[in-house]
Amino acid sequence: MTIMLYLFGLFLLATGLSLLWLGTTLVGLGGSPYYALAGIAYLLTALLILRRSWHGVWFYTAFLAATLCWAVWESGLDGWALAPRLVMPSLIGLWMITPWFRRGMGRLQPLPGALMLWPGLGLATVLAIGAPFWFDRLPTTMGPVAAAIPASPAEGDWRHYGNDQGGSRFSPLGQITPANVGGLRPVWTYHTGPMPEGARASFQATPIKIGERLYLCTGYNDVIALDAETGREIWRHRPRVDPRGIYGLTCRGVTYYRVPEATGPCAERIYTATVDARLIALDAATGRLCPGFGTTGEVNLLTGMGDVEKGYYFVTSPPALVRGRLVLGGWVTDGQHVGEPSGVIRAFDAVTGAFSWAFDIGRPDFHAMPGAGESFTRGTPNSWAPMSGDDDLGLVYVPTGNATPDYFGAHRTANDDRFASSVVALDAESGAVRWSFQTTHHDLWDYDVPAQPTLVDLPGGVKGLLQPTKRGEIFFLDRRTGEPISRVEERPVPQGSVPEERAALTQPFSSGMPSFGGPPPTEKRMWGLTPIDQAMCRIRFRQARFDGTMTPLGTARPTITWPGYLGGIDWGGVSVDKKRHLMIVNNNQVANYNRLIPRAEADRQGVKPMTAAHMSDVGGPVAQKGVPYAAHITPFLSPLAIPCQQPPYGMVSAVDLRSGKLVWSHRFGTSRDSGPLALPTFLPIPMGVPNIGGSVATASGLFFIGATQEHMLRAYSSETGDELWRARLPAGGQATPATYWSPRSNRQFVVIAAGGHGAMLSGSSDTLIAYALPKERSR
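What counts as what
- Residues numbered from 1 in each chain as written.
- Predicted model: local features only at pLDDT ≥ 70, side-chain atom pairs only at ≥ 80, totals over all residues.
- Heavy atoms only, no water.
- Pairing = 2+ DSSP bridges.
- Helix = DSSP H or I, 4+ residues; strand = E, 2+ residues; numbered from the N terminus.
- Axes fitted to C-alpha atoms, helices over the stretch in contact; angles between N-to-C directions.
- 1 Å grid on protein atoms, 1.4 Å probe; cavity = no way out; pocket = protein on both sides within 12 Å on 5 of 7 lines; lining within 4 Å.
- Points joined across faces, edges and corners; volume = space filled by probe spheres on them.
- Nonpolar A, V, L, I, M, F, W, Y, C, P; charged D, E, K, R; others polar.
- Phe/Tyr/Trp six-rings, centres within 6.5 Å; stacked < 30°, edge-to-face > 60°.
- Buried < 20%, exposed > 50% of the residue type's maximum accessible area, 1.4 Å probe, protein only.
- Salt bridge = Lys/Arg side-chain N within 4 Å of Asp/Glu carboxyl O.

Novice: Which residues make up the sheet that holds strand β19 (residues 388-390), and what values go with them?
Specialist: One open sheet accounts for 4 strands, arranged β19-β20-β21-β22; its pairing is antiparallel. Taken across any chain shown, the strands that pair with only one partner, and hence form the sheet edges, are β19 and β22 (433-438). Mean inter-strand twist for the sheet, computed between neighbouring axes without regard to direction, equals 15°. Here strand β21 (residues 422-427) pairs with β22 via 5 bridges, running antiparallel. Its bridge partner lying in β22, Val423 is registered against Phe437.

Here it is, written out as C-alpha cells:
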C-alpha cells in the first residue's frame, strides 16, 4: 500500500470518527441526523479503501450523490450555504479520480461513471449558484468631468461631523459622478505620527473642512489643521493626555464655531473633548488655546461627577453645537458595576465655556450643577454617540445607552427605564425634555443607541428624524414631537429570564421600515468551512437558547443574542441622498453567544471590575458587581474563529424614504483581509463582511464608504447599488469619509481616515488619504 493511500485512509477515518461523534451529539440535542450518518459513511469508505476495495469508491459515490441531494433540500440554491456541505466531500471525490489514488489501489480499474460525475457536479453547483459572489468584477469608468463649482463656499465645505447639523452625511457636490468616478486617484496622504507611550488608539476621525483647511483629531486627542488642497500640516495642538489605563482611545471628530460679530484671535474656534475628560477650545487660525474659554481654554468635565476611576469616563464624539451651546455626553465603561460614573448630558456656553445646563436622568427636572458634596446621579444611562441639533426648533437630539451594568436591570430606577436606549429631544437653552422615544424597553442586551440621529426633510413638510439602532430597527420619527412617521408596533417578545429580573413583555418594532438585523439564526443556517466545524456550530446552536430576537439571558445555558452588540447598525449610522430621498444603510449580521454567571461562580472565576491597570475589550467576562450576576459576552464564532452564521455578515442597502421600501441590498466587502483563525485569505470573494463606519452621499448619485474589515474605500451608485470604484487602504477605513471642494484646483476631494480597528482585526495605520480626479480632467 502506498503511503499516500494510507494517509488518505487515515484522513477518512479521522473525519468519520469526528463526524460520528459530533453527529451523535447533535442528534441527542434534537438536530439533523445527517452528520452522524455521514460519519458512518466516511468510516465505511475508509475501511474499504484501506483494504484496497473498489467497493469503497462505489459506496462513496452513492454517499456523495445523497449529500448533494440533502444539501440542496436543506439549504436551497445558495452558493455560500452549499459550500460547507459540498466542497470538502467533492474534493475527496475528485481525489479518487486522480492517477495517484488509482495507482495506490493497486490496479487501474475503470472508474464508475457516477464518480466522474458527482464530485464535479457538487463543485459545479456551488460555483454556479455562487457565481454572482465569486467574481469581484468592477466596471471601468472615466467619463467627462465638468467643473461643477459649488453655488456658495459653504456648499463646498464639510462643516459638521455629519456635514450638516442634522447629520445627513450628504454633500451637494457633484463633480465626481458615476461616469467618471473610475478616474479617482490619491492626491495626498498625511500621517498623524507615532502614538504616545502607553497609548492604544484608533484613528476613526471624520475631518471637517472650513474654508481652505481641514480640522481633525487623533485617538489621543491631538488636534490638527491641514491644507485641504495639499494635506500640508498647518498647526497641531497637543493636549498631552495621559493614555495609560484608558480602553479604546478614540476621537471621532471636532466641532467648529464662528463667534457672532467677533474679530481677532478665537473669532473662529475648534472644540474637542478628550479621553481624560476635558473640553478644549482652540483658535482655528493658530491652534492656540482660547484664554477666555473656561480656565485658560479648557473646561474640566469631571466637575460634578464625584469620584471617577481612570478609564471609566471619557468623550469620543464631537460636541453638538446648538444655539451657541456645546452639548456633550460621555463614554462610560460597559458592564463593570452598579454606580459607575453618571451618564449626565451637559451644555456649556460656546464663547465662555460657562456651564449652561445638565440633563441628569436621575433628576430629569433639575438642570443645575450639584451642590457641595453631591454629584450627578451615578450609573444612569449615558450618551456616547454623536448628537444632532436643529437650531430652528431649538432642540438637541440625544441617543442614549443603558444604566450600568448592561445585562441585568432589576435595580434600575423608573427614570432609567424611561430614558435608556432612547432618542431624547432636549431644549437646547434649558436642558428640559421636550420628547423621548424608546427603541428598546428595559434593555438587557447592550442595545444602546450607537448612531447619530439623522434629520431629514421630505416633500409635504415632513420634518423627520431617522434613528438607527443595534437591533437593526430604524425608527422614523417627527423630530418636532417624537411621534412615529413610519409605523411602529409593540410585539410580544420571549420571556423567562433569571428570577430577579423583570423583562419587558413587548418591544417596539419599526414595521413601516425594513429591518436590518439580518435573517434569524437557525440550525440550518449554521456555517463552517467544512462539515466538521459546521456540525460544531450546529451543536452550539442547539445547546443555546434562542426563541427569537430579544431572548433574555439566563444561567443554565448560553443565549444567542441576535443581532449581537455590533449590530445591526453601529456608530456609522446612515446617510441620506437628499436629492433622491434615499437612505443608505450598512449593517452587520453577526450574533452573540451570551450567558449570565451567578455571583458565586463569577467570584470563583476571579471576575472583577476593570481597573486602570487592567482595561480590556467590552466583551468577555464582565463583572456587573452589585447585582446577582456577572455575564460572559462573546461573538458567536466557530472553532476556526469565523461566525457560526452563514454569510453574508455585512450588507449595504438603500431605502426609499417616501415609501419605506427597500430599493436594493448587496453584500458588502470581500474576504480578502479576513478568514479562519483571524488570518487573511487574500481572496477577494464578495461574501459580505463585518463593518464599522459610515457612508457619505453626494448629489451626483454616488456614495462613498470604507467601514469593512477589508482595507478598502468604495464608491457605489445610490440608485442601483452597483460598485463603481474602489481603492486599497493601508488598514480598514473604520471612519466615515468626508467630501469637499477645493477652489484652488476646482476639484472635489474625498478623504478618509484609514486607521483600522483592533476588535475588527482590520490592521492599524495613522494615515489620512485624500482622493480627487486628475487636475487636467477637472478643468
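Novice: Run through empty space enclosed by the protein, naming residues and quoting values.
Specialist: Applying the stated rule across the entire model yields 5 cavities of 30 Å³ or more. For the largest cavity, the calculated volume is near 170 Å³. Lining the largest cavity are 18 residues, with His160, Tyr161, Pro319, Ala320 and Met387 sitting closest to its centre. Elements supplying a minimum of two residues to the lining of the largest cavity: β9 (255-258), β14 (320-322) and β19. For the lining of the largest cavity, the per-class residue count stands at 9 nonpolar, 7 polar and 2 charged.

Novice: I'd like to hear about the packing of aromatic side chains, residue by residue, with values.
Specialist: Counting across every chain of the model gives 28 aromatic pairs. A ring pair is formed by Tyr34 and Trp70, whose centres lie 3.7 Å apart and whose planes are at 5°; its orientation type is stacked. Remark: Trp70 occurs in helix α3 (residues 55-75) and Tyr34 occurs in helix α2 (residues 34-50); sequence separation between them is 36 residues. When its relative accessible area of 11% is taken as the criterion, Tyr34 is described as buried. When its relative accessible area of 12% is taken as the criterion, Trp70 is described as buried.

Novice: Can you tell me about the pattern of salt bridges, naming the residues and giving the values?
Specialist: Summed over all chains, the structure comprises 37 salt bridges. The closest approach of N and O atoms between Glu268 and Arg258, which form a salt bridge, is 3.1 Å. Within this pair, whereas Glu268 is found in strand β10 (residues 268-273), its partner Arg258 is found in strand β9, the two being separated by 10 residues in sequence. Here Glu268 falls in the partly exposed class, since its relative accessible area comes to 28%. Relative accessible area serves as the criterion here: at 47%, Arg258 is assigned to the partly exposed category. A network of salt bridges, in which partner residues are shared, links Glu74, Arg85, Glu523, Arg538 and Arg542.

Novice: Would you mind going over unusual backbone geometry in detail, with residue names and values included?
Specialist: Cis peptide bonds are those with omega within 30 degrees of zero, and the linkage from Thr404 to Pro405 qualifies with -10°. Inspection of the secondary structure puts Pro405 in the loop between β20 (395-399) and α8 (414-419). Along the chain, Gly567 connects to Gly568 via a cis peptide bond; the corresponding omega equals 25°. Structurally, Gly568 can be placed in the loop between β28 (559-561) and β29 (574-577). Unusually for a residue other than glycine, Glu261 sits at a positive phi of about 65°. With a phi close to 65°, Ala641 is a non-glycine residue in the positive phi region. With respect to the helices and strands, the residue Ala641 is situated in the loop between β33 (629-633) and β34 (650-656).

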